Amino acid sequence: MFMEWELLNVVGTIAFAASGAIIAMDEKYDIFGVWLLAFTTAFGGGAIRNVLLGNPVSLIWQQNDLFILCFLVALLIFLLPSVVLPHWERWGVIVDAIGLVAFSFQGAQVAIKLDLPLSAAIAAAVLTGVGGGVVRDLLAGRKPLVLQSEVYAIWAIIIAVVTYYFRLEGGLAVYALLIVVATLRVISYYRKWNLPARKVR
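Here is what the cut-offs are and how they apply
- Residues numbered from 1 in each chain as written.
- Predicted model: local features only at pLDDT ≥ 70, side-chain atom pairs only at ≥ 80, totals over all residues.
- Heavy atoms only, no water.
- Helix = DSSP H or I, 4+ residues; strand = E, 2+ residues; numbered from the N terminus.
- Rg over C-alpha atoms; globule rule 2.2 N^0.38 Å.
- Buried < 20%, exposed > 50% of the residue type's maximum accessible area, 1.4 Å probe, protein only.
- Contact = heavy atoms within 4.5 Å.
- Areas by Shrake-Rupley, 256 points an atom, 1.4 Å probe, with all protein chains shown as cover.
- Lys, Arg positive; Asp, Glu negative; His and termini not counted.
- Charge placed at Lys NZ, Arg CZ, Asp CG, Glu CD.
- UniProt positions renumbered as here; feature names shortened; annotations may be inferred.
- Core = buried A, V, L, I, M, F, W, Y, C linked by side-chain atoms within 4.5 Å.

### Remarks on the overall build of the chain
So, point 1. The secondary structure content of the chain amounts to 7 helices and 0 strands.
So, point 2. Scanning the chain from its N terminus toward the C terminus, one meets helices and strands in the order α-α-α-α-α-α-α.
So, point 3. The C-alpha atoms of the chain give 16 Å as radius of gyration, which agrees with the globular expectation for 201 residues (17 Å, within 12%).
So, point 4. Counting only C-alpha atoms and orienting by the principal axes, one finds that the chain spans roughly 45 × 45 × 30 Å.
So, point 5. Taken across its 201 residues, the chain has 46% of its residues classed as buried.
So, point 6. The contacts of the chain with a sequence gap of at least 6 include a subset with a gap of at least 24, amounting to 77%.
So, point 7. Total accessible area computed for the chain in this model is approximately 10900 Å², and 68% of it derives from carbon and sulfur atoms.
So, point 8. Each charge class in the chain can be summarised by its mean position, and for the 14 positive and 12 negative side chains these summaries are 13 Å apart.

Set out below in C-alpha cells:
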C-alpha cells in the first residue's frame with residue numbers, strides 16, 4: 001500500500017500543480033503567483049482536510065519531495081509554456097481526472113484510518129480532491145468551477161462511499177475503482193454533464 005500511496009501522491013501533485021500554474025499564467029500572474037497557485041492547488045485540499053479531521057496541519061510539511069516536484073512542474077510550465085501547454089490542452093482533462101481520483105481516495109483513506117464515519121470519509125475525499133482547486137480559483141479571482149458547472153465533486157463522493165463500504169486499501173480493486181471513476185470524469189467533461197442549477201432571479 002505504501003508504494004501505491006506514493007504513486008498516487010506523485011500523480012495527484014503533478015496534475016494539480018500543473019492546473020494551478022496554468023491558471024495563474026492565464027491570469028498573467030508573475031512567477032511567485034504561479035508557484036503560489038501551484039502549491040495551493042496541490043496541497044491546499046489536504047491541509048483543509050487535516051484541519052477538519054483534527055490531524056496535525058504540520059503533516060503537510062513532511063512532503064518535501066512532493067514540494068520539490070510541485071516547484072519543478074510549475075517552473076517547467078512557466079519557462080516552457082509553448083512546449084507544455086499544447087500537450088496540456090490535449091491531455092489535461094485526463095491528468096486532472098487522475099489527480100482528482102487519487103487525492104479523493106487518499107482523503108477517504110485518512111478518515112477511515114481514523115475510524116471516522118462515512119460522512120467524514122465523504123468530506124475528507126471531497127476536500128482533498130476539490131479543496132485545493134476551490135482555493136486556487138478564489139486566489140485567481142474566479143468563481144470556483146466545481147460550484148457552478150460540471151459533475152466534479154460527485155466523483156470524489158463516489159470514491160469515498162465505495163472505499164468506505166468495501167474498506168479498500170490497495171491492490172487491483174483500488175486501481176479498478178480509480179480507473180473507472182477517472183474515465184467517467186473524462187466522459188462527463190466531454191459530454192458536458194452538469195448538476196441542476198437554478199437562478200433566484
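### Some remarks on the side chain of Gln109
So, point 1. With respect to the helices and strands, Gln109 occurs in helix H4 (residues 81-113).
So, point 2. In this structure Gln109 comes out as buried when scored by relative accessible area, which is 1%.

### Points about the UniProt feature "domain: Glycine transporter" (unreviewed entry) in the chain
So, point 1. In the numbering adopted here, UniProt assigns the feature "domain: Glycine transporter" (unreviewed entry) to residues 7-80 and 94-166.
So, point 2. Here residues 7-80 is 80% helix and 0% strand, with 25 Å between the C-alpha atoms at its ends.

### Regarding the UniProt feature "transmembrane region" (unreviewed entry) in the chain
So, point 1. Under the present numbering, the feature "transmembrane region" (unreviewed entry) in UniProt falls on residues 6-25, 32-54, 66-84, 118-139, 151-166 and 172-191.
So, point 2. When the span residues 6-25 is considered, its composition is 100% helix and 0% strand, and the gap between its end C-alpha atoms is 28 Å.
So, point 3. End C-alpha atoms of residues 66-84 are separated by 20 Å, and the span's content is 95% helix alongside 0% strand.

### Some words on the nonpolar core
So, point 1. Formed by 46 residues in total, the largest nonpolar core has its most connected members in Phe43, Ile77, Phe105, Ile159 and Leu178.
So, point 2. Put simply, the parts of the chain that give this core at least two residues each are helix H1 (2-26), helix H2 (31-53), helix H3 (64-79), H4, helix H6 (153-166) and helix H7 (172-190).
So, point 3. Excluding residues within four positions of it along the chain, Phe43 makes contact with Thr13, Ile60, Gln63, Leu66, Phe67 and Cys70.
So, point 4. Grouped together as the second largest cluster of nonpolar side chains are 9 residues, Ala111, Leu118, Ala121 and Tyr164 included.

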